[in-house]
Amino acid sequence: MTETFFTPEQQKLVVDAIANAELNTSGEIRVHIESICKEDVLDRAAFMFEKLKMTKTKLRNGVLFYLSVDDHKFAILGDSGINAQVPKNFWNDIKNHVITEFKKNNYASGLSEGIIMAGEQLKTHFPHEDDDVDELSNEISYGKEMLNDE
Ligand code: CA
Ligand code: CA
């Protein structure tokens, strides 16, 4: 059950990291967790990106951290507004850091650190604005709930 993958404390750590990262940038970060990814991880992340309506941000600057916990797949996907402005390897350092932490079983802290790093990197291209709106929920999204919503 992916909903119980994190303890309430760990969930709070991740959600707080998103809120804190979004104080640095107008970019909107989300986390999606499910058990198994049966296709290419970037394809699946792109599918979830659409499903979570993450393309609806004004500046097209949503970022999805995707994780399938049983088969250990991970991807970071940014929207077109970000891709138009940043180098191709923009997420590499963050991705490598998060995967290193995952290998030590530090899932919640690894994700949180990656999220904070993403906020800092996005700051240059998409600074936080005074009239910022929280365009996408900071809550973690779980695979099963998404299916039930359909
Ligand atoms: Ca925002
Ligand atoms: Ca948000």
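Residues numbered from 1 in each chain as written. Chains lettered and ligands numbered in written order. Predicted model: local features only at pLDDT ≥ 70, side-chain atom pairs only at ≥ 80, totals over all residues. Heavy atoms only, no water.

Undergrad: Looking at this model, I keep getting lost on the coordination of the calcium ion (ligand 2). Mind explaining?
TA: Under ideal tetrahedral coordination, the four donors around a metal are separated by 109.5 degrees; under ideal octahedral coordination, the six donors are separated by 90 or 180 degrees. The protein atoms that coordinate the calcium ion (ligand 2) are Glu22 (OE), Glu22 (OE), Glu28 (OE), Asp134 (OD), Leu136 (O) and Asn138 (OD1), at distances of 2.2 to 2.6 Å. One can describe the site at the calcium ion (ligand 2) as irregular: its six donor atoms subtend angles covering 52 to 171 degrees at the metal. Coordination of the calcium ion (ligand 2) draws on donor residues from a single chain, spaced E-x5-E-x105-D-x1-L-x1-N in sequence. (Donors = N, O, S within 2.8 Å, 3.2 Å for Na, K, Ca; no water. Tetrahedral: all angles 85-135°; square planar, octahedral: opposite > 155°, others 65-115°.)

Undergrad: In this structure, what is going on with the side chain of Thr25? I would like to understand it.
TA: When you line up the elements, Thr25 lands in the loop between α1 (8-21) and β1 (28-34). Owing to a relative accessible area of 0%, Thr25 belongs among the buried residues under this scheme. A polar atom in the side chain of Thr25 sits 2.9 Å from the backbone nitrogen of Gly27. Ignoring sequence-local partners within four residues, the contact set of Thr25 consists of Gly119, Leu122, Lys123, Phe126, Pro127 and His128. (Helix = DSSP H or I, 4+ residues; strand = E, 2+ residues; numbered from the N terminus. Buried < 20%, exposed > 50% of the residue type's maximum accessible area, 1.4 Å probe, protein only. Polar contact = N/O pair within 3.5 Å; in protein donor to acceptor, adjacent residues only side chain to side chain. Contact = heavy atoms within 4.5 Å.)

Undergrad: Hey, could you run me through the pattern of salt bridges in this one?
TA: When the charged atoms of two side chains lie near each other, side chains of opposite charge can form a pair. Under the definition given, this model contains five salt bridges. Glu34 is the partner of Arg44 in a salt bridge, and the nearest nitrogen-oxygen pair spans 2.8 Å. A residue pair is termed long-range when its members are at least 10 positions apart, and Arg44 in helix α2 (residues 41-51) and Glu34 in strand β1 qualify at ten residues. This pair shows no difference in class: Arg44 is buried, exactly as Glu34 is. Salt-bridge contacts for Asp79 lead to Arg60; the nearest nitrogen and oxygen are separated by 2.7 Å. Residue Asp79 is located in the loop between β3 (73-78) and α3 (80-83), and its partner Arg60 is located in the loop between α2 and β2 (62-68); the two are separated by 19 residues in the primary sequence. Bridged by salt links that share partners, the residues Glu34, Glu39 and Arg44 form one connected network. (Salt bridge = Lys/Arg side-chain N within 4 Å of Asp/Glu carboxyl O.)

Undergrad: Mind showing me how you'd approach the pairing of β1 here?
TA: When a strand is regular, its side chains alternate between the sheet's two faces. With respect to burial, β1 is a largely interior element, seven of its seven residues being buried. Side chains Glu28, Arg30, His32 and Glu34 project from β1 onto one buried face, and the interleaved Ile29, Val31 and Ile33 project onto a second face that is buried too. Relative to β2, β1 is paired through seven bridges, and the arrangement is parallel. From the neighbouring strand, Val31 faces β2, where its bridge partner is Phe65. At this point the chain moves from β1, through α2, to the parallel β2, and the crossover so formed is right-handed. (Pairing = 2+ DSSP bridges. Right-handed = clockwise from strand over helix to strand, strands pointing away.)

Undergrad: What am I meant to see in the packing of α1 against helix α5 (residues 107-125) here?
TA: For any two helices packed against each other, the geometry is given by the interaxial angle and the distance between the axes. Between α1 and α5, the least distance of the axes is 8 Å, while the angle of their chain directions is 5 degrees. Taken together, α1 and α5 sit at an angle that is classed as roughly parallel. Here Gln10, Leu13, Val14, Ala17, Ile18, Asn20 and Ala21 of α1 lie close against α5, whose contacting residues are Ala108, Ser109, Leu111, Ser112, Ile115, Ile116 and Gly119. Taken together, the residues that form the contact of α1 with α5 break down as nine nonpolar, five polar and no charged. (Axes fitted to C-alpha atoms, helices over the stretch in contact; angles between N-to-C directions. Parallel < 35°, antiparallel > 145°, perpendicular 65-115°, else oblique. Nonpolar A, V, L, I, M, F, W, Y, C, P; charged D, E, K, R; others polar.)

Undergrad: What is the right way to look at the packing of aromatic side chains in this model?
TA: Note on aromatic pairs: each is described by the distance of the centres and the angle between the planes. This structure, assessed with the given rule, holds six aromatic pairs. For the ring pair Phe90 and Trp91, a centre distance of 4.8 Å and an interplane angle of 75 degrees mean the geometry is edge-to-face. Each member of the pair, Phe90 as well as Trp91, carries the same accessibility label: buried. Put simply, the rings of Phe5, Phe6, Phe65, Phe74, Phe102 and Tyr107 pair up and form one aromatic cluster. (Phe/Tyr/Trp six-rings, centres within 6.5 Å; stacked < 30°, edge-to-face > 60°.)

It is worth stressing that arrangement in space is one thing and function is another; only the former is reported here.
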